[in-house]
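Structural description and commentary
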Amino acid sequence: MLAAQERLVLTAQEPSIITESLENLQKVDKNVIQQYLEGIVPDLLNFAVQVLLAVLLYLIGRRVISFLRKFLRRSLERRNVDIGVRQFLDSVSKYSLYAILWLMILTLFGITTASVIALLGSAGLTLGLALQGSLANFAGGVLILLLRPFHVDDYIISSETGHEGTVKEITTFYTRIQTADNQTVMIPNGKLADGAIVNVTGQQTRRVDIVVGIAYSADLKLAKSLLWELAQEETRRLKEEPVNVFVSALSDSSVELGCRFWVKSEDYWQTKWDMLEAVKLAFDEHGVEIPFPQVDVHMKERDFWLENPAENKENN
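Computed from a predicted structure; not experimentally measured. (Residues numbered from 1 in each chain as written. Predicted model: local features only at pLDDT ≥ 70, side-chain atom pairs only at ≥ 80, totals over all residues. Heavy atoms only, no water.)

Here's the deal with the packing of aromatic side chains
Both the distance between ring centres and the angle between the ring planes are used here to describe each pair of aromatic rings. The cut-off we apply is this: Pairing of aromatic rings covers Phe, Tyr and Trp, the last through its six-membered ring, and needs centres within 6.5 Å; plane angles under 30 degrees mean stacked, over 60 mean edge-to-face, and all others mean tilted. Elements are defined by DSSP. Helices are runs of H or I of four residues or more, strands are runs of E of two residues or more, and each kind is numbered from the N terminus. When a residue's accessible area, from a 1.4 Å probe over protein chains only, is under 20% of the maximum for its type it is buried; when over 50% it is exposed; and in between it is partly exposed.
Under the criterion given, the structure shown has 5 aromatic pairs. Centroid distance F138 to F173: 6.5 Å. Interplanar angle 50 degrees. Geometry classified as tilted. Taken as a pair, F138 in helix α5 (residues 132-147) and F173 in the loop between β2 (164-170) and β3 (174-178) lie far apart in primary sequence, 35 residues in all. Judged by relative accessible area, F138 falls into the partly exposed class, the value being 32%. Aromatic rings pair up to connect Y95, F138 and F173 into one cluster.

The structure is reproduced here in structure tokens:
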């Protein structure tokens, strides 16, 4: 009987025990969550402050970098430094200053400069292999500025890449040129430094070479006098430089005449085009024949009948 009564008492107490246990569990959960939130909130606030400081530092640093770059450009302009050197130093200063700025931003998040340098040092070989093209272009840019094979606004031809155009900008890794048909081409400095470069406008004057062929039956002296007169009448010709008219070659089907005179570099192409047109019109007017490739076929009557016996029988 006593055992049965004890079981009844325990059964009656079970709901209260379960309720008390649930309440204790809820209290424990609330305490754990509260402690977790109390621990994470300062970290979140600290991180938010770090992000805010990083953004402010970046905005302020960008303005400071812009000011320093303008100051550097003005200083170089006052010293009449070549524009290509100015562009190159401006590009180098930009990348260097932004690298310093990002190192300062990383320090706000607990990353020390020594750690970054150590990381770069340990990864130096890998970075060197990965960036060997960029390093070669940087070295090529330095060589271009030291040797100065061309300047900004020069018209160059790169034998390594096959591109040609007017130099517009020399940066840390690339040289930007503008082609005659207004296309922009970025040529790696390493390619320019390794290959041959033709600086078309490197000198203030250029020689115009006109070569035209006349027939062997044409009047040679008349053709030479016409070339001489056209060269003398050219207003863009440099008067202090001589004019040469000569026979340059005796080709298979023509006599090659040459005419040479000097003009300013900026007048070269237009002068050459106008001169070629004037030569053609003058030769046509005076009956000087300019030969062109042609083939004359001569057939003997006897050989024709031998090769076509059927037609010979029908005619007979």
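Some thoughts on the sheet that holds strand β7 (residues 244-250)
Note the cut-off: At least two DSSP bridges between two strands are needed for those strands to be called paired. Axis definition: a line fitted to C-alpha atoms, limited for helices to the stretch in contact. Angles are taken between N-to-C directions and run from 0 to 180 degrees. Two residues form a contact once any of their heavy atoms are found within 4.5 Å.
What the 3 strands build is an open sheet, ordered β6-β8-β7; its pairing is antiparallel. Here the strands that pair on one side only, and so sit at the sheet edges, are β6 (205-214) and β7. Direction aside, the axes of adjacent strands within the sheet are offset by 30 degrees on average. Across the sheet, helix α7 (residues 220-233) touches β6, β7 and β8 (255-264), and the angle it forms with β8 is around 10 degrees. Against the sheet, helix α8 (residues 268-285) makes contact with β6 and β8, and its axis sits at roughly 25 degrees relative to β6, the strand it touches most.

Quick word on a positive patch on the surface
Filter applied, for reference: Exposure above 30% relative accessible area and no salt bridge define the residues that can form patches, which grow by joining like charges within 9 Å and nonpolar side chains of Val, Leu, Ile, Met, Phe, Trp and Tyr within 5 Å. Only the protein chains shown count as cover for residues, and the accessible areas themselves come from Shrake-Rupley with a 1.4 Å probe. Whenever Lys or Arg places a side-chain nitrogen within 4 Å of a carboxyl oxygen from Asp or Glu, that contact is recorded as a salt bridge. Positive charges come from Lys and Arg, negative ones from Asp and Glu, while His and the chain ends are left out of the count. By convention, the charge on Lys lies at NZ, on Arg at CZ, on Asp at CG and on Glu at CD.
Together, K70, R74, R78 and R79 give the surface a local cluster of positive charge. Assignment of secondary structure puts R78 in helix α1 (residues 2-78).

Some remarks on the sheet that holds β2
Strand order in this open sheet of 5 strands is β4-β3-β2-β1-β5, and the pairing throughout is antiparallel. Two strands bound the open sheet, and with one partner strand each, they are β4 (184-188) and β5 (197-199). Shown here is a sheet whose adjacent strand axes are inclined to one another by a mean of 40 degrees, direction ignored. Strand direction decides the pairing type here: strand β1 (residues 155-158) and β2, joined by 3 bridges, are antiparallel. Bridge pairing links Y155 to T166 in β2.

Digging into the side chain of N189
Its place among the elements puts N189 in helix α6 (residues 189-194). Judged by its relative accessible area of 0%, N189 falls in the buried class. Not counting the four nearest positions on each side in its chain, N189 is found in contact with N137, G140, G141, I144, T171, T172, F173, Y174 and T175.

So, the nonpolar core
Nonpolar side chains in soluble globular proteins generally cluster together in the buried interior. To keep things clear, this is the line we draw: Nonpolar core, defined: a set of buried Ala, Val, Leu, Ile, Met, Phe, Trp, Tyr and Cys residues in which side-chain atoms within 4.5 Å join the residues together.
Grouped together as the largest cluster of nonpolar side chains are 24 residues, with contacts concentrated most on I214, L227, C259, F261, M275 and F283. Broken down by secondary-structure element, the contributors of at least two residues to this core are β6, α7, β8 and α8. In contact with M275, other than residues within four places in its own chain, are I210, L227, L230, A231, C259 and F261. F150, I156, V185 and L192 belong to the second largest nonpolar core, which has 10 residues in total.

Section: the pattern of salt bridges
Within the structure shown, the criterion is met by 8 salt bridges. The residue R69 makes a salt bridge to D90 at a minimum N-O spacing of 2.9 Å. Note that R69 is positioned in helix α1 and D90 in helix α2 (residues 83-108), a separation of 21 residues in sequence. For D90, a relative accessible area of 11% gives the class buried. We note a salt bridge from R260 to D209, for which the minimum N-O separation is 3.7 Å. With R260 in strand β8 and D209 in strand β6, this residue pair connects regions lying 51 residues apart in the sequence. Each of the salt bridges in this network shares a partner with another, and the network as a whole consists of R69, R73 and D90.

Bear in mind that shape data such as this cannot, by itself, settle questions of function.
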